[in-house]
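Breakdown of the fold
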Amino acid sequence: MTDPARGGDPLAGAARLPRGTAVILRHDGVPGRALLALRLGRLCRARGVSLIVARDAGLALRLRTGLHLADGMTPPLRWRLHGRGPLTAAAHGRAGLARARRFGAHLVLLSPLFPTASHPGAPALGTVRFARLVRGAGVPVAALGGITPGRVAAAVRAGAVAVAAVGALARPPAS
């Protein structure tokens, strides 16, 4: 996931991602977001990486990308009629998971699994509660929040089908 405050250059981050992964472009309210999305889309297509635009169905439709919705959002009618890319959603608990399942999300990013720098002091779900929520989700769930290379296995054991991170795009992996 991109983050204008702490995520680094999204183009450089996307250039490091392996084929078959995805970038969720947040950068809400940032001047030049549409141009950034266009450039990121070109790079992602060339590398076999999916681009998903957050919270802007119009931009996602114009660029023929996926759409990511914040917890509490539902897809607008124009997306339900014309959207062709993956539909993902954020959730922070049972209600968000149920809403995403009802509107047909392909994947839900459930957070925060672990304590995270982006929300200091916010309570994390932890692996036990996360696993319980995943079992009742009825939709594939990715783990978000405090994800590091050393925590991926714990996320998968708790039922995550994928992991998502902000900081992972900010810097190259340690060698």
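The following paragraphs examine the structure supplied in this document. Quantities reported herein were computed from a predicted structural model and do not represent experimental measurements.

1. Digging into the packing of aromatic side chains
All chains considered together, the criterion is met by zero aromatic pairs. A cation over a ring is seen here: Arg 151 above Phe 114, with NZ or CZ 4.7 Å from the ring centre.

2. Description of the pairing of strand β1 (residues 22–25)
As paired elements, β1 and strand β2 (residues 50–54) share four bridges and run parallel to each other. Note on β2: the bridge partner recorded for Ile 24 is Ile 52. Taken together, β1, helix α2 (residues 33–47) and β2 form a β-α-β motif whose crossover is right-handed.

3. Here's the deal with the sheet that holds strand β6 (residues 141–144)
Pairing is parallel in the open sheet, where seven strands are placed in the order β1-β2-β3-β4-β5-β6-β7. Each of the sheet's edge strands pairs with one partner strand only, and the pair in question is β1 and β7 (162–164). For this sheet the average axis-to-axis angle between neighbouring strands, irrespective of direction, equals 25 degrees. Pairing of β2 with strand β3 (residues 66–69), which is carried by three bridges, proceeds in the parallel orientation. The partner of Ile 52 across the bridge, within β3, is Gly 66. Here α2 sits on the sheet in contact with β1 and β2, set at roughly 160 degrees to β2.

4. Brief notes about the side chain of Arg 26
Tracing the backbone shows Arg 26 in the loop between β1 and α2. A polar side-chain atom of Arg 26 sits 2.9 Å from a polar atom in the side chain of Asp 3. Filtering out sequence-adjacent residues up to four positions away, Arg 26 remains in contact with Met 1, Thr 2, Asp 3, Arg 33, Ala 54 and Val 166.

5. Focus: unusual backbone geometry
The omega angle of the peptide bond from Ser 111 to Pro 112 is -10 degrees, so this bond is cis rather than trans. Within the secondary structure layout, Pro 112 lies in the loop between β5 (107–110) and α6 (126–135). The residue His 27 is not glycine, and still its phi comes out positive at about 40 degrees. Among the secondary structure elements, His 27 is positioned in the loop between β1 and α2. Taking the relative accessible area as the measure of exposure, His 27 reaches 6% and is therefore buried. In this structure, Arg 55 is a non-glycine residue whose phi angle is positive, near 60 degrees. Residue placement: Arg 55 occurs in the loop between β2 and α3 (57–63).

6. Things to note about the pairing of β6
Side-chain alternation along β6 places Val 141 and Ala 143 on one buried face and Ala 142 and Leu 144 on a second face that is also buried. For the handedness criterion, the β-α-β arrangement of β5, α6 and β6 is classed as right-handed. The β-α-β motif built from β6, the intervening helix α7 (residues 152–157) and the parallel element β7 has right-handed crossover chirality.

Conventions adopted
Residues numbered from 1 in each chain as written. Predicted model: local features only at pLDDT ≥ 70, side-chain atom pairs only at ≥ 80, totals over all residues. Heavy atoms only, no water. Phe/Tyr/Trp six-rings, centres within 6.5 Å; stacked < 30°, edge-to-face > 60°. Lys NZ or Arg CZ within 6 Å of the ring centre and 35° of its normal. Pairing = 2+ DSSP bridges. Helix = DSSP H or I, 4+ residues; strand = E, 2+ residues; numbered from the N terminus. Right-handed = clockwise from strand over helix to strand, strands pointing away. Axes fitted to C-alpha atoms, helices over the stretch in contact; angles between N-to-C directions. Contact = heavy atoms within 4.5 Å. Polar contact = N/O pair within 3.5 Å; in protein donor to acceptor, adjacent residues only side chain to side chain. Buried < 20%, exposed > 50% of the residue type's maximum accessible area, 1.4 Å probe, protein only.

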